[in-house]
Amino acid sequence: MSVNVQINVTESVSPKNTATVDRPDLNLIGTTYSKAQVEDKLTSVAGTSYLGELPKSYNFPITGSYTFNPIEAGIYIINGHALPAITQQDFNDYLEIIIRVTNGVPSLSKKTMPTFPLASKYNPTDDTQASTMKAAADRWDKTLIALKSLVNPIGDGPWQAMSFPSNENVGFILNQNGVGEVQPSGAYGDIYASNLVGISSLRITGPDMDKFGTTISWWMGYRADNTFDVLKSGIIVNGVAQINVDPQYVRYKYSRPKNGAILEKRSKVALPVEEDAVIKAIENKGAGYSGVLDLASLGVKVTNTAVQNTDIINAAIESEYMKPNPRTLKLPGGVFKVNEIISKPGVEFCGASNLNTVLTTDVGSTARYIIMLPDGLIGRGFINNLIIDARNTTEGGIYINNTFDFQIRNCVILTNALAGIKLKGCLYHTISDIYFDGGDIGLQVINAQATNSSAMATNLIKYDRLYFVKSKKKCVELNAGSNYVFNSCNFEDSGISGDETTGGVHAIGLSPGGEGVDVAFNNCWSEGIRGGFIYKFDNCKGNSVIRDCMMGKGGNGTGTISNAIINIGSRLVLSGATRFSTAPHFNPFPTNIRTESGGITLVDNPNINTGVNNVGAFKIAQYT
């Protein structure tokens, strides 16, 4: 601490000597005091230890005892006396360094750390002994180790450019069997894991990666026995094919655009530990321990661009799906712009529980769907609690291919494109509580499109409480497959007046292998359907049933419709309390049942009001 006392003494002034003092620490500021008063004030603080700046050279003009703790190395000259030098190492070696000035004479002392026997147990009542401090450090160091395992401040470093191998196959790309195919605009090559020491991720960016078709393999991982996995394939809208380096693979094959492509790598790096890192880890992983990954914690925000959100979500999918126990990827409430989310087998994806999470695209987006699973590899998956606003996509809302036991629940699907949900090769699916609005077809189910895995058969699918409205052409199209069941579904205000190819539900060629059960409709409702039909069965090979269903002409939706039911070369049973509309609430159909081309229609309850406005023969069961 700098001592700055200015004393002006006038001996000729009577009755006392005075001084003008500037000492804020003594409460003497700009005031005239006697010499005796000043010395009394200074004496009252004599012996006090000051931690502060002390000039390297200083003269004490007064008597008394003063103590200072210097905070800077160097040689101090007090009242003309040079003290031994203080080095920077002294501050590490000694517990305390003291300069004392007694009656103008300075001295320097260095206090060493006292030695005590080390305590084996922490004593919370002893807060002074070094042994206690050592025991406390030993105790809490274990806690710090445990916290480090929780926080683990490791993250992704920056992307760095690397060169493509010089021995590429130019003019070819890889298909999903690892075989080169002619493609003048492409190239493919090999990267060996031995050249990727310390590398955690690879990516290829390039133009027109959505122009190479659905069968291209952008990345393939090969094991030592030459078995392989397709890691990234198909149409890529955002121009980025990214993978994580996996120790199970000894080499990677890749395809790329011949012109304009860039290969990049990145590594894991140590990150600084934040003050709230532990609570963030608990919220995120804790997500972790409850099996949920909050995508907001990874940076997904309503203010992000579609590219930013899509990159974060797709990277999280890549990271999770390869784990033995992948976490559910969860979005908070809000409207999030995305391009095309590319899912993987086994990934579960959901929004906020009160259904206020919206995924949407920008006007002019080239994204085909909001969520795509190009090949589920006969795996499971789950989509839940989302509003899919696909009104700016080119093909629809959700596309799922080649899966088993996939579930889509509690969603709203909005689209102006081809299909709200399109399914290929889906065994044992459950889709429930979905509101479909718009699109050429609300729900379209067709054969699987397999890649390097075998195609999954399309059957044993259950649809519960689906609500279709304003489908341009059809509410539902089922093309091949078998054993479909619709429970408590609604088909409404869809189709095109005068266009006989449009309407409600169209079943085409079901049970192609003679499986036996085509489709069952239980307790379903329809009204306001336009075009040619509410239900149309087109050359199906098994048996179908309409049970306890209401078919209404008119109601919510204006326009014309020709038939309630069309049966072309199929076998159909009308059962239970099924009913065709009549006045006054609805209007009668021009034709209730139209049976053609060898179709067989059986009515198993004589109380069903089939009426007389029918075309073709049908049978009514007789009971005695």
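Here, every reference points to the structure presented above.
Residues numbered from 1 in each chain as written. Predicted model: local features only at pLDDT ≥ 70, side-chain atom pairs only at ≥ 80, totals over all residues. Heavy atoms only, no water.

(A) Quick look at the overall build of the protein. Across its full length, the protein holds 5 helices and 48 strands. Here the protein holds 624 residues, and the buried ones make up 48% of them. Counted over contacts in the protein with a minimum sequence separation of 6, partners at least 24 positions apart contribute 65%. For the protein, the exposed surface amounts to about 29300 Å²; the carbon and sulfur share of it is 53%. (Helix = DSSP H or I, 4+ residues; strand = E, 2+ residues; numbered from the N terminus. Buried < 20%, exposed > 50% of the residue type's maximum accessible area, 1.4 Å probe, protein only. Contact = heavy atoms within 4.5 Å. Areas by Shrake-Rupley, 256 points an atom, 1.4 Å probe, with all protein chains shown as cover.)

(B) A look at the pattern of salt bridges. Counted according to the given criterion, the structure contains 22 salt bridges. Here Arg251 ties to Asp190 by a salt bridge, and the two come within 2.7 Å at their closest N and O atoms. Of this pair, Arg251 sits in strand S18 (residues 251-257) while Asp190 sits in strand S13 (residues 180-192), and the two are 61 residues apart along the sequence. A salt bridge links Arg465 to Asp433, with the nearest nitrogen and oxygen atoms 2.7 Å apart. Of this pair, Arg465 sits in strand S33 (residues 459-469) while Asp433 sits in strand S31 (residues 430-438), placing them 32 residues apart in sequence. Sharing partners across several salt bridges, the network here consists of Asp156, Arg266 and Lys268. (Salt bridge = Lys/Arg side-chain N within 4 Å of Asp/Glu carboxyl O.)

(C) Highlighting the packing of aromatic side chains. Taken as a whole and judged by the stated rule, the model has 18 aromatic pairs. Aromatic pair Tyr369 and Tyr399: ring centres 5.5 Å apart, planes at 35°, arrangement tilted. On the criterion of sequence distance, the pair formed by Tyr369 in the loop between strand S26 (357-360) and strand S27 (371-373) and Tyr399 in strand S29 (residues 396-415) is long-range, its members being 30 residues apart. Judged by its relative accessible area of 2%, Tyr369 is buried. Through a chain of ring-to-ring contacts, three or more aromatic side chains come together here, namely Phe436, Tyr463, Phe468, Phe486, Phe491, Phe521, Tyr535 and Phe537. Stacked on the ring of Tyr222, the Lys or Arg Lys253 has its end atom at 5.9 Å from the ring centre. (Phe/Tyr/Trp six-rings, centres within 6.5 Å; stacked < 30°, edge-to-face > 60°. Lys NZ or Arg CZ within 6 Å of the ring centre and 35° of its normal.)

(D) Structural view of the sheet that holds strand S6 (residues 77-78). Strands sit in the order S4-S6-S7 across an open sheet of 3 strands; the sheet is mixed. Either end of the sheet is taken by a strand with one partner, and the two such strands are strand S4 (57-58) and strand S7 (81-82). The pairing of S6 with S7 spans 2 bridges and is antiparallel. Paired with Ile78 across the bridge in S7 is His81. (Pairing = 2+ DSSP bridges.)

(E) Quick look at the nonpolar core. Leu359, Tyr463, Phe486, Phe491, Phe521 and Tyr535 are the most contacted members of the largest nonpolar core, which totals 70 residues. Here the element with the most residues in this core is S29; it accounts for 6 residues. Beyond its immediate chain neighbours, meaning those up to four positions away, Tyr535 contacts Phe491, Val505, Phe521, Cys524, Ile546, Cys549, Met551, Ala564, Ile565 and Ile566. Among the nonpolar cores identified, the runner-up in size contains 21 residues, and Ile216, Leu231, Tyr249 and Tyr252 belong to it. (Core = buried A, V, L, I, M, F, W, Y, C linked by side-chain atoms within 4.5 Å.)

(F) A look at unusual backbone geometry. Here the phi dihedral of Leu460 falls at roughly 55°; this positive angle occurs in a residue that is not glycine. On the accessibility criterion, Leu460 (44% relative accessible area) is partly exposed.

(G) Summary view of the environment of Leu466. Within the secondary structure, Leu466 sits in strand S33. Residues Leu466 and Ile434, spaced 32 residues apart in sequence, show a C-alpha to C-alpha distance of 5.0 Å. The contacts of Leu466, once residues within four sequence positions are left out, are Ile431, Ser432, Asp433, Ile434, Phe436, Leu443, Ser488, Cys489 and Asn490.

(H) Region of the structure containing the environment of Arg571. One can find Arg571 in strand S44 (residues 571-575). Judged by relative accessible area, which is 38%, Arg571 ranks as partly exposed. Taking the C-alpha atoms as reference points, Arg571 and Asn539, separated by 32 residues in sequence, lie 8.8 Å from one another. Once residues lying within four places of it in the same chain are set aside, the contact partners of Arg571 are Lys541, Gly542, Asn543, Ser544 and Ile600. Within the structure, the side chain of Arg571 is placed 2.7 Å from the backbone oxygen of Lys541, a separation counted as a polar contact. (Polar contact = N/O pair within 3.5 Å; in protein donor to acceptor, adjacent residues only side chain to side chain.)

(I) Local environment of the sheet that holds strand S12 (residues 169-174). Spatially, 5 strands are ordered S12-S13-S18-S15-S16 in an open sheet, and the strand pairing comes out antiparallel. Across the chains shown, the open sheet's two edge strands, defined by having one partner strand only, are S12 and strand S16 (228-233). Adjacent strand axes in the sheet meet at a mean angle of 35° when their direction is disregarded. As paired elements, S13 and S18 share 7 bridges and run antiparallel to each other. (Axes fitted to C-alpha atoms, helices over the stretch in contact; angles between N-to-C directions.)

(J) Representation of the state of the cysteines. Overall, the coordinates contain 0 disulfides when judged by the stated rule. Its sulfur unpaired, Cys411 is 9.7 Å from the next cysteine sulfur, which belongs to Cys350. (Disulfide = S-S within 2.5 Å.)

(K) Spotlight on the pairing of strand S9 (residues 105-111). Of the pairings in the sheet, the one linking strand S8 (residues 96-102) to S9 comprises 7 bridges and is antiparallel in character. Note that in S9 the partner of Arg100 across the bridge is Ser107. Linking two consecutive strands that pair antiparallel, namely S8 and S9, is a turn of 2 residues; a positive phi of about 50° is found at Asn103 within it.

(L) Layout of the side chain of Asn609. Mapped onto the secondary structure, Asn609 falls in the loop between strand S47 (600-603) and strand S48 (619-620). If we skip the residues at most four places from it in the chain, Asn609 touches Thr578, Arg579, Phe580, Thr582 and Asn592.

(M) The arrangement of the side chain of Lys253 in detail. If you trace the backbone, Lys253 turns up in strand S18. Given a relative accessible area of 12%, Lys253 falls into the buried group. Within the structure, Lys253 has its side chain in polar contact with the side chain of Asp190 (distance 3.3 Å). Beyond its immediate stretch of four places on either side in the chain, Lys253 contacts Leu174, Tyr188, Gly189, Asp190, Trp218, Trp219, Met220 and Tyr222.

(N) Seen up close, the pairing of strand S35 (residues 482-487). In terms of strand pairing, S33 meets S35 through 5 bridges, oriented parallel. Bridge assignment links Tyr463 to a residue of S35, and that residue is Phe486. Bridge count between S35 and strand S38 (residues 517-522): 4 bridges; the pairing is parallel. Bridge pairing in S38 links Asn487 to Asn522.

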